[in-house]
Amino acid sequence: MRMSQLLLPTEREAPADAQALSHVLGVRAGLVRQLGAGLWTWLPAGWRVHQKVEAIIREEMDAIGAQELLMPLIQPRELWQKTGRDQIDELFSLSDRKGAELVLAMTHEEAVTVHVSQLVRSYRDLPLILYQLQLKGRDEPRPRAGVLRTREFIMKDSYSFDRDEAGLDASYAKHIEAYDRIFDRSGLEWYRVESDVGVMGGSGAHEYMAPCPAGENEVALAPGYAANVEVASAAPSAAEVGPAGAPVSEVATPGAKTIEQVSAVLELDPSGLLKAFPVVTEDGRTLIAVVRGDHRVNEVKLRSVVGCGFRPATDEEILEQIGPPGFIGPVGVELPVLLDEAVAAQEGGWVTGANKTDLHLLAVEPGRDFQFEAVDIRSVEAGDLVNGEPIRLETAIEVGNIFKLGTRYSEPLGASFLDQDGAELPIVMGSYGIGPARIAAAVIEQNADEYGIAWPKAIAPWAIELVVLGKADSAELEAAEKLYDELQVLGAEVLFDDRDAGPGEKFKDAELLGCPLRITLGKRSLESGMLEVGGRHGMVELEPIALGAGAAAAILEALAQLP
RNA sequence: CGGGGAGUGGCGCAGUCUGGUAGCGCACCCGGCUGGGGGCCGGGCGGUCGCAGGUUCAAAUCCUGUCUCCCCGACCA
C-alpha cells in the first residue's frame, strides 16, 4: 500500500476527551474515528487490524469443527419476549413502518436456538457448533474508552448444541482450546478466569481477561489460580481480634459511625471490627450481611447467596428494623444474619455496633451472641492466600467469555431432539463470545510506548513500513520503488511511505502506526549500499541489509525474527 | 440514573466574568527554499461560535429551554 494514497489521518495531538491509551493511540494513529457516543468507524488501517483478528478467529473456530453462518441484527421483539430478555434495559428497540416491534440483537441466542429447534430433530444431528462474526447492538448506559465499550460492535459469537451435559462439557473444552490459541496468536497477554454465571444461571463460565490499565474488571491471580474478583475466593489474612470467652460489654463511641472512626476511637485494628450491611431483597426480605471491618462486601457473591437481586436498606428501614444507622450490629436483632466465612472461621471477641446511638459492643462472639449462616460474601484482597500462595489483583479488559447455558434457551424456544429411545429432550447449549475490537485495543494497551503503537506481527496493519527519504525523481525514490515491488512479489505486506514529506514526519508517523519492521532508504543508503532496519517493538536496531538483489528476501528473514 | 466538565474552521485551544466587525497554533491550498527526526519564507482558503427562543441599538459573550459529547460512579443477563 502506498501511503500517498492511503486514508490514514494521523494526529499530532490526542483528542481532548480521550483517557485510555488505546483510545488516544487509535485516534492518533488514524485507525478509528468516532461518529457518536459509543459509535466508531474503523478506518482502512484499523479495519485491516480488525480483519486480521477475525481471520485468526475463523481459523481456530473452523479447526474445532465449528460452522460459520450469519444471522440478522434486526429481530422480531416477540422472539425476545419468549426468553424474557425483552426486559433488558440495554436492548435497543425500534419499530418498522407497519408498527411491528423489532429489536437490535445484543447476542444471538434466541435466533440461533429458533433455527436449531426447527432444523435439528434427532440425536444424530448433534453435536453442533455454529458461529458468526456479526454486529451486536447494546444501548449501553455509558459507552467509554474509545473502542473498549461501544453501543455497536462486532462479536464472534458461537453456540454449541449437545445431547447432554457431557456433550456440553466437550464442546466447552473445544472452545477453551480454540480460545487459548486465538488469544495466544493475537499476541495478547491474557488469563482465563472463573466468572460469575449471573442470575440466569448456567453451570459454569469463564472469561478471558487481558490485563491493561483501561480495563473495567479486576482479576485475582495466584500460581494455578485465576478468577474474576466478582467470584474469587481466598483465605484471608488473620484478623486482630480480641480474646474469646470474655463477656460482651458496651463501650462509648460518640459520633463514630464508620469503621475508620470506630477503630480510631477504640485504638483497634479495623480487622477486629464487624461491618453490618443491611439489604432488602427483590422478594422482600431484609437481611444483614456481616463482614470484617477491613473487608468489602462482594455484591455479586451476595446476590448468588440470597438467590435474587437486592438493594441496600435505606436509613429509615435500618432505624425501624435494626437500630440507629452507624451503630448497628447483629446482636439482639431478629433478622437473618449472613456472616462472612472469614469471620466465622476465626475465634475471638469482635467489635460491633450496639444498635444504640454512640455505643458499640466489645467481645461479641458469633454463635454465642447472635445466630448466623456462614457464607462467602467478601471480596478477596491482595495478599489473601490460595493454596498457600498470595494472590495479586490486576485490572483487565474482558476479551472473551465462554458460558455453559444448559437449557436456558432451548426450553422456552422449544429446541429439543429425540434420543435413541425416542424420548424428547431439550438440547443442552453453550454460548461463547469474543470481541475482536477489544483484542485490538488490548494489544495496543499492552504494546505501546511514548511514541505510539508496537504491533505484534500477527495483527499489525502491515508487517513492514518502507520509509523513503528523498524528493520526487530522486535516486532514493527510484531505489525504494524497486524494493517495494520486489517485496510485493515475495508476498510481503508493505506500507510504502512515498509521500512528499520530511523525514521527521515520516518517522513519527511510522512510530505511531507501529508496523513491526521499519526499513529506511535514504541518500545514506545509496552511499553505503546498506538499508537501515529497525524493529518497532522496543525500537531495536537490527543489522543493516545490503541493497541489491537479495535485499527483499533478507528483509523477510529479518521480519521472521520479530514477534 | 447521581456527580462533574465541555460544545468556537479538520485537530488542539483563547475570547464569555466586564455585550461592540471572531482570533491563535497545527493541518490544508499556491509559490519558493530545505531534504536523516513533525524545518523555513511569502501568499491564501476555511467558522451564521451545538440548536431554538428571549433581552438589547448591538449577543460567541446575558437569560430560558433543548440537544450532543466527555470524565467519575451506579448499571453492564
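Residues numbered from 1 in each chain as written. Chains lettered and ligands numbered in written order. Predicted model: local features only at pLDDT ≥ 70, side-chain atom pairs only at ≥ 80, totals over all residues. Heavy atoms only, no water.

### Examining the overall build of chain A
Scanning chain A for helices and strands turns up 14 helices and 33 strands. Along the first, second and third principal axes, the C-alpha set of chain A runs to 95 × 65 × 50 Å. Out of the 563 residues belonging to chain A, those deemed buried represent 52%. By sequence separation, contacts in chain A at least 24 residues apart represent 69% of the contacts at least 6 residues apart. Approximately 25100 Å² of chain A is accessible, and the part contributed by carbon and sulfur atoms is 50%. Averaging the positions of the 51 positive and the 88 negative side-chain charges in chain A gives two centres separated by 5 Å. (Helix = DSSP H or I, 4+ residues; strand = E, 2+ residues; numbered from the N terminus. Buried < 20%, exposed > 50% of the residue type's maximum accessible area, 1.4 Å probe, protein only. Contact = heavy atoms within 4.5 Å. Areas by Shrake-Rupley, 256 points an atom, 1.4 Å probe, with all protein chains shown as cover. Lys, Arg positive; Asp, Glu negative; His and termini not counted. Charge placed at Lys NZ, Arg CZ, Asp CG, Glu CD.)

### A word on the nonpolar core
One finds Leu-31, Tyr-179, Phe-183, Leu-188, Val-399, Ile-439 and Trp-455 to be the most contacted residues of the largest nonpolar core, which totals 57 residues. In this structure Ile-439 touches Val-53, Ile-182, Phe-183, Ser-186, Leu-188, Val-399 and Ile-434, once residues within four positions along its chain are discounted. If you look at the next biggest cluster of nonpolar residues, it comprises 24 residues, including Val-468, Leu-477, Leu-521 and Leu-562. (Core = buried A, V, L, I, M, F, W, Y, C linked by side-chain atoms within 4.5 Å.)

### Here's the deal with the sheet that holds strand S31 (residues 517-521)
Spatial strand order, S30-S29-S31-S32-S33: five strands in an open sheet with mixed pairing. If you trace the sheet from one side to the other, it starts and ends with strand S30 (494-497) and strand S33 (540-546), each paired once. For this sheet the average axis-to-axis angle between neighbouring strands, irrespective of direction, equals 20 degrees. Across four bridges, S31 lies against strand S32 (residues 530-535) in antiparallel orientation. (Pairing = 2+ DSSP bridges. Axes fitted to C-alpha atoms, helices over the stretch in contact; angles between N-to-C directions.)

### Comments concerning unusual backbone geometry
Across the junction of Leu-126 and Pro-127, the peptide omega takes the value 0 degrees, indicating a cis bond. Here Pro-127 lies in the loop between helix H4 (109-119) and strand S7 (128-137). The phi dihedral of Ala-145 falls on the positive side, at around 55 degrees, and the residue is not glycine. On the basis of relative accessible area, Ala-145 is assigned to the partly exposed category, the value being 22%.

### Side note on the pattern of salt bridges
Taken as a whole and assessed by the stated rule, the structure comprises 34 salt bridges. Between Arg-181 and Glu-60 there is a salt bridge whose closest N-O contact spans 2.6 Å. With Arg-181 in helix H5 (residues 165-185) and Glu-60 in helix H2 (residues 44-63), this residue pair connects regions lying 121 residues apart in the sequence. Look at Arg-181 and you get partly exposed, because its relative accessible area is 33%. In this structure, Glu-216 engages Arg-144 in a salt bridge whose closest nitrogen and oxygen atoms are separated by 3.0 Å. Here Glu-216, found in the loop between strand S10 (204-211) and strand S11 (217-222), pairs with Arg-144, found in the loop between S7 and strand S8 (152-162); they are 72 residues apart in sequence, far enough to count as distant. When its relative accessible area of 32% is taken as the criterion, Glu-216 is described as partly exposed. By relative accessible area, Arg-144 is classed as partly exposed at 37%. (Salt bridge = Lys/Arg side-chain N within 4 Å of Asp/Glu carboxyl O.)

### Digging into helix H10 (residues 436-446)
The buried fraction of H10 amounts to ten of the eleven residues, a majority that puts the element mostly inside the structure. Within H10, burial applies to Pro-436, Ala-437, Arg-438, Ile-439, Ala-440, Ala-441, Ala-442, Val-443, Ile-444 and Glu-445.

### Brief notes about the protein's contact with RNA strand B
In the vicinity of RNA strand B lie 37 residues, with Arg-12, Arg-142, Arg-149, Glu-511 and Glu-532 positioned nearest. Sugar plus phosphate, as a fraction of atoms of RNA strand B within 4 Å of the protein: 46%. Residue Arg-12 places a side-chain N or O atom 2.7 Å away from a sugar or linking oxygen belonging to RNA strand B. Note that a sugar or linking oxygen of RNA strand B is positioned 3.2 Å from one of the backbone N or O atoms of Gly-504. Listed by contribution, the elements that provide at least two residues to the surface near RNA strand B are helix H12 (503-513), S31 and helix H13 (523-528). It is H12 that provides the largest number of residues to the surface near RNA strand B, a total of seven residues. (Near = heavy atom within 4 Å. Polar contact = N/O pair within 3.5 Å; in protein donor to acceptor, adjacent residues only side chain to side chain.)

### Digging into the side chain of Thr-286
Summarising the element assignment, Thr-286 is placed in strand S15 (residues 286-292). A distance of 3.4 Å separates the side chain of Thr-286 from the side chain of Gln-321, its partner in a polar contact.

### Considerations on the confidence of the model for chain A
Detailed conclusions should not be drawn from predicted coordinates in areas where pLDDT is low. Residue-level pLDDT values for chain A average 89, and 99% of them are 70 or greater. Of all the helices and strands in chain A, helix H8 (residues 315-321) carries the lowest mean pLDDT, 79, while strand S3 (residues 67-68) carries the highest, 97. Interface confidence for the predicted complex, given as ipTM, is 0.89, next to a pTM of 0.90. (pLDDT = per-residue confidence, 0-100.)

### Considerations on the sheet that holds strand S19 (residues 359-364)
If you trace the three strands from one edge of the open sheet to the other, you get S13-S19-S18, paired in antiparallel fashion. Edge positions in the open sheet fall to strand S13 (249-252) and strand S18 (350-353), since each of these has one partner strand only. In this sheet, neighbouring strand axes are inclined to one another by 35 degrees on average, regardless of whether the strands run parallel or antiparallel. Of the pairings in the sheet, the one linking S13 to S19 comprises four bridges and is antiparallel in character. Bridge pairing in S19 links Glu-250 to Leu-361.

### Observations regarding the packing of aromatic side chains
Scanning all chains against the criterion turns up eight aromatic pairs. A ring pair is formed by Phe-183 and Trp-190, whose centres lie 6.3 Å apart and whose planes are at 50 degrees; its orientation type is tilted. Through a chain of ring-to-ring contacts, three or more aromatic side chains come together here, namely Tyr-179, Phe-183, Trp-190 and Tyr-208. Lying across the ring of Tyr-172, Lys-404 places its NZ or CZ 4.8 Å from the centre. Directly above the aromatic system of Tyr-409 lies the positively charged group of Arg-408, at a separation of 4.7 Å from the ring centroid. (Phe/Tyr/Trp six-rings, centres within 6.5 Å; stacked < 30°, edge-to-face > 60°. Lys NZ or Arg CZ within 6 Å of the ring centre and 35° of its normal.)

### Comments concerning H5
The α-helix advances 3.6 residues per turn, and as a result positions three or four apart in sequence lie on the same side. The first and last C-alpha atoms of H5 sit 30 Å apart over 21 residues, in line with the 30 Å expected at 1.5 Å per residue. Residues of H5 that are buried: Gly-167, Leu-168, Ser-171, Tyr-172, His-175, Ile-176, Ala-178, Tyr-179, Asp-180, Ile-182 and Phe-183. Gly-187, located one to two residues past H5, shows a positive phi value of around 85 degrees. (Expected span 1.5 Å × (residues − 1).)

### A short note on the packing of H2 against H10
Two numbers describe how H2 lies on H10: the axes approach to 9 Å, and their chain directions differ by 115 degrees. Two packed elements cross with a definite hand, and for H2 against H10 that hand is right-handed. Contacts between H2 and H10 involve Val-49, His-50, Val-53 and Ile-57 from the first element and Pro-436, Ala-437, Ile-439 and Ala-440 from the second. Residue composition of the contact of H2 with H10, by class: seven nonpolar, one polar and no charged. (Left-handed = near helix turned anticlockwise from the far one by under 90°. Nonpolar A, V, L, I, M, F, W, Y, C, P; charged D, E, K, R; others polar.)

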